[in-house]
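A look at the structure
As a plain string of letters, each chain reads:
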Amino acid sequence: MSTLSHKAARASFGSAIDAALKHVNKDREKGLLQLVDLTEKFMGGQFLPESYEGARRMIQDPDSKWMQYVNRLMDEIDPNVIKMSALNLGYEAAFHGTKTIRRMREIHGCNIPWLILMDPTSACNLHCTGCWAAEYGHKLNLTYEEMDSIITQGKELGIYFYMLTGGEPLMRKKDIIRLCRKHHDCAFHAFTNGTLVDEAFCREMKEAGNLSLSISLEGFEEVNDLRRGDGVFGRVMEAMDILKRNGQLFGTSICYTSKNVETVTSDEFLDMIIEKGCRFSWYFHYMPVGNEAAPELLPTKEQRTYMYHRIREIRGNTGGKQIYTMDFQNDGEFVGGCIAGGRNYCHINPNGDVEPCVFIHYSGANIRETTLLEALKQPLFMAYRDNQPFNGNHLRPCPMLENPEILEQMVRETGAHSTDLQSEEPVEHLCEKCREYAAEWKPEAEALWEKHHFEQKGYCNYKNKSEGRK
C-alpha cells in the first residue's frame, strides 16, 4: 500500500470510528454493533468469523460480564484515548501492520516482530531489593534520536506497537511524550512503578491518546513496600486515582513468585485494582535471570498449575472478575509457544543490545552498530526462527525455563555474548538454574496439555509449520 493510500485508509477508518462513537453515546448497543461491523469491514480475515459473531452476541446481552466491562470502559475512558487505541492498535498494528509484517517476513527470510520492547533508560527513582537497576546505577540511556530511529525503521517493516520498560521509563517522560506525538500512528505502552505519574503527565497522555501504562505491584502494602520501599504502595494507589480521574487506559504488571502467587490472584487484590480503574493485568512468571537471581522464588509445579487454572477463571465469560488477565508463560498455547527472537517481539536494552527476549540477556547485535533489520537477522535470532516452536507442548514454550538445553545450544552455536547489565552471566550458569524446574514441570504440563489441548487456528508464523519438538 502506498503512503498516500495508507493515509487515506487511516483517515477513512478514523472518520468511521468517530461516527460510531457518536452512536455509542446515543444508543450504546447500536453504536457498538456498528463498531463490530466496521472492524469486520476493514479487517475481515484478520479474525475468524466466529469472533465477530461472538462480539455481537456479547453486545446484545447487557447482563453479560464482558458487556458490563465494556460499558464501564466506555463510560470512564477518555474519548480520544478510545479513538487512538482503536486506530493504532486496531487499524495500524493489527490490520495494516500485520499485513506488512507478513510480507516483510517473506521478503527478508527472517522473523519480523509485531511489537518491540525497548528500555529508554537504566535509571530508576526507586531502589528495589533484588533489582539490577538499583545495583547497576543510572548510566545507560537510549537517546531520543536512537528511539526515534528504531520506530522509524520499525514502521517500514510494519511494526506499530512499542513497549517501554527500564529502569523506570518515566524518568524519560518528556522524550516518551515527544515520541508519542511524532509517531501518532503508533501505540505505546510503558511498564512503570507508577510513582512519577502526576496530573500534568496525564494531561499530556490524554492529548496524545496513544500511551497506556502497566503499573508494577507485588501485592498489598506490607509485601510491596518491603521490596520497593516505604510509602511506595500509597504512591501507586494515588497514581491509579489520577489515571482513572483522567480517563486513562492502564493495568498492572505483576511478577508472580513462590511467595506471592496466591495473594496477587486473590479476590481481595483483584477487587482493589479493579476499583482503582485497572482494565487488565499482566502476570509474569519469575525468571531466575542474573548471577544474583534467587531460584527459590520459582513457583512450584503446584503453584504454576494453580496459575494456569486461576487466570482462566478470572477472565472467563462467566464468573471471575471484570478485568482481562494475561499470563505471559501459561498463555503460550494461544500464541503458538515462544514469541521471542522477533517471532512476535524482541527487546532492546538501554545499551542498545538487541536481545531475543526481555528475560534472555544474550545478543550478537547492537542497534548503534547495525540497522534494525540487520539485528533481526543476527545468528541468535535466526536460530530462534529455525527452532521455534521449542516444544510441541505450548505449556512448555520457553527455550530457557522449560527447555534450557535449547537456549544453551543456540547461544553456544551462534556466538552470542552476555548482555546482562549487572554482570555477565554464562549461559551454562543461567540454564543450570532451570533444569530441575523444567524436569518437575514437564509431567504437569503434559497432563494439562493432554486434557486441555488448544489447537491454534489460522496464520502461524513459524518457519516450518510443524508441531515442533516433543
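Just so it is clear, the structure is predicted and the values come from calculations on it, not from any experiment.

1. Comments concerning the overall build of the chain
- A count of helical and extended segments in the chain gives 17 helices and 11 strands.
- Against the globule reference of 23 Å for 470 residues, the chain gives a C-alpha radius of gyration of 21 Å, in line with a compact fold.
- The C-alpha extent of the chain, read off along each of the three principal axes, is 60 × 55 × 50 Å.
- Looking at the chain residue by residue over its 470 residues, the buried ones come to 59%.
- The contacts in the chain between residues at least 6 apart in sequence include a share of 74% that link residues at least 24 apart.
- When the accessible surface of the chain is summed, it comes to about 19,800 Å², and 52% of that surface belongs to carbon and sulfur atoms.
- Here the chain contributes 55 positive and 67 negative side-chain charges, whose respective centroids are spaced 6 Å apart.

2. Some points on the sheet that holds strand S8 (residues 345–348)
- The nine strands lie next to each other as S7-S6-S5-S4-S3-S2-S1-S8-S9, forming an open sheet whose pairing is mixed. Either end of the sheet is taken by a strand with one partner, and the two such strands are strand S7 (324–327) and strand S9 (354–355).
- Judged from the four bridges that link them, strand S2 (residues 161–164) and strand S3 (residues 187–192) form a sheet pairing that is parallel. What sits directly across from Met163, in S3, is His189.

3. Overview of the packing of aromatic side chains
- This structure, assessed with the given rule, holds 14 aromatic pairs.
- Ring centres of Phe328 and Phe359 lie 6.3 Å apart, and the angle between their planes is 65 degrees; this geometry places the pair in the edge-to-face category. Taken together, the residues span a long stretch of sequence, with Phe328 in the loop between S7 and S8 and Phe359 in the loop between S9 and strand S10 (362–363) at a distance of 31 residues.
- In this structure Phe328 comes out as partly exposed when scored by relative accessible area, which is 28%.
- What links up through ring pairs into an aromatic cluster is the set Phe191, Trp282, Phe284, Phe328, Tyr345 and Phe359.
- Positioned above the aromatic ring of Tyr144, the side-chain terminus of Arg178 is 3.6 Å from the ring centre.
- The ring of Tyr308 has Arg312 lying over it, and the distance from NZ or CZ to the ring centre is 3.8 Å.

4. Brief notes about the pairing of S8
- By the alternation rule, side chains of S8 split into Tyr345 and His347 and Cys346 and Ile348, which are all buried.
- Direction of pairing for S8 relative to S9: antiparallel, over a ladder of two bridges. Bridge assignment links His347 to a residue of S9, and that residue is Glu355.
- Two successive antiparallel strands, S8 and S9, enclose a turn made up of five residues, where Gly352 displays a positive phi of approximately 90 degrees.

5. Notes on the state of the cysteines
- In the structure shown here, the tally under the stated rule is zero disulfides.
- In this structure Cys180 is not part of a disulfide, and its nearest cysteine sulfur, from Cys186, lies 9.2 Å away.
- With no disulfide of its own, Cys398 lies closest to Cys338 among cysteine sulfurs, the gap being 6.2 Å.

6. Some words on the nonpolar core
- Counting 75 residues, the largest nonpolar core has Tyr362, Tyr384, Met400, Leu407 and Met410 as its most contacted members.
- In terms of residue count, helix H17 (residues 427–452) provides more of this core than any other element does, nine residues in total.
- Both domains that furnish three or more residues to this core are identified here as domain 1 (3–89) and domain 2 (110–453).
- Leaving out residues up to four positions away in the same chain, Met410 has contacts with Leu380, Ala383, Tyr384, Asn387, Phe390 and Pro399.

7. Looking at a nonpolar patch on the surface
- Judged by side-chain polarity, Phe334, Val335 and Phe454 come together as a nonpolar surface patch covering roughly 210 Å² of accessible area.
- Tracing the sequence through the fold places Val335 in the loop between S7 and S8.

8. Description of helix H16 (residues 404–414)
- Taken together, the buried positions of H16 are occupied by Pro404, Ile406, Leu407, Glu408, Met410 and Val411.
- Looking one or two places after H16, you find Gly415, whose phi comes out positive at around 75 degrees.

9. Concerning unusual backbone geometry
- Gly167 follows Gly166 through a cis peptide bond whose omega is 25 degrees.
- By the secondary structure assignment, Gly167 is in the loop between S2 and helix H8 (173–182).
- With an omega of -5 degrees, the peptide bond running from Gln388 to Pro389 counts as cis.
- Relative to the helices and strands, Pro389 is located in the loop between helix H15 (379–387) and H16.

10. Observations concerning the side chain of Thr325
- Looking at where Thr325 falls in the secondary structure, it is placed in strand S7.
- Here Thr325 falls in the buried class, since its relative accessible area comes to 0%.
- Polar contacts involving the side chain of Thr325 include one to the main-chain carbonyl oxygen of Ile311, which spans 3.3 Å.
- Residue contacts for Thr325: discarding those within four places in its chain leaves Ser281, Tyr283, Ile311, Ile314, Arg315 and Asp331.

11. Some details on the domain arrangement of the chain
- Assigned domains within the chain: domain 1 (3–89) and domain 2 (110–453).
- Taking both partners together, domain 1 and domain 2 bury about 1,900 Å²; carbon and sulfur atoms supply 51% of that area.
- The interface formed by domain 1 and domain 2 holds one salt bridge in total.
- Note that Arg279 is salt-bridged to Glu76, the shortest N-O span being 2.6 Å.
- Our enumeration of links across domain 1 and domain 2 arrives at 15 residue pairs in polar contact (both at pLDDT 80 or more).
- Elements with a minimum of two residues in the side of domain 1 that touches domain 2: helix H1 (3–26), helix H4 (65–76) and helix H5 (79–108).
- It is H4 that provides the largest number of residues to the side of domain 1 that touches domain 2, a total of seven residues.
- Taken together, the residues that form the side of domain 1 that touches domain 2 break down as seven nonpolar, five polar and five charged.

Definitions and cut-offs
Note on numbering: residues in each chain are counted from 1, in written sequence order. The predicted nature of this model means local features are confined to residues of pLDDT at least 70 and side-chain atom pairs, given and counted, to a pLDDT of 80 or more, with totals for whole chains, interfaces and linings taken over all residues. Each side-chain value is derived from all of the structure's non-hydrogen atoms; neither hydrogens nor water enter the calculation. Secondary structure elements follow DSSP: runs of H or I no shorter than four residues count as helices, runs of E no shorter than two count as strands, and numbering proceeds from the N terminus. Radius of gyration: over C-alpha atoms. The globule rule applied is 2.2 Å multiplied by the number of residues raised to the 0.38 power. Three labels apply to residues, based on accessible area from a 1.4 Å probe with only protein chains included: buried if under 20% of the type maximum, exposed if over 50%, partly exposed otherwise in between. When checking whether two residues touch, look at their non-hydrogen atoms; a contact exists if any pair is within 4.5 Å. Areas reported as accessible are Shrake-Rupley estimates using a 1.4 Å probe. Residue values count occlusion only from the protein chains shown. We count Lys and Arg on the positive side and Asp and Glu on the negative side, and we leave His and both chain ends out. To locate a charge, take atom NZ for lysine, CZ for arginine, CG for aspartate or CD for glutamate. A pair of strands is considered paired only if DSSP assigns at least 2 bridges between the two. Centre distance within 6.5 Å is the pairing criterion for rings of Phe, Tyr and Trp, where only the six-membered ring of Trp is used; planes under 30 degrees apart are then read as stacked, over 60 as edge-to-face, and the remainder as tilted. By definition here, charges over rings are those cases where NZ of Lys or CZ of Arg is within 6 Å of the ring centre and within 35 degrees of the ring normal. Two cysteine sulfurs form a disulfide in these notes if their separation is within 2.5 Å. Buried Ala, Val, Leu, Ile, Met, Phe, Trp, Tyr and Cys residues form a nonpolar core when they are joined through side-chain atoms within 4.5 Å. Domain extents, as shown, originate in an automatic or database domain assignment. Each patch is built from salt-bridge-free residues with over 30% relative accessible area, joining like charges within 9 Å and nonpolar side chains (Val, Leu, Ile, Met, Phe, Trp, Tyr) within 5 Å. Note on definitions: salt bridges are taken to be side-chain nitrogens of Lys or Arg within 4 Å of carboxyl oxygens of Asp or Glu. Polar contact criterion, stated in full: a pair of N or O atoms within 3.5 Å, where within protein one must be able to donate a hydrogen and the other to accept it, and residues adjacent in sequence count only if both atoms are side-chain atoms. Once two parts are brought into contact, the accessible area they lose, counted with a 1.4 Å probe and summed over both, makes up the buried area. For this classification, the nonpolar set comprises Ala, Val, Leu, Ile, Met, Phe, Trp, Tyr, Cys and Pro, the charged set comprises Asp, Glu, Lys and Arg, and every other residue, Gly included, is treated as polar.

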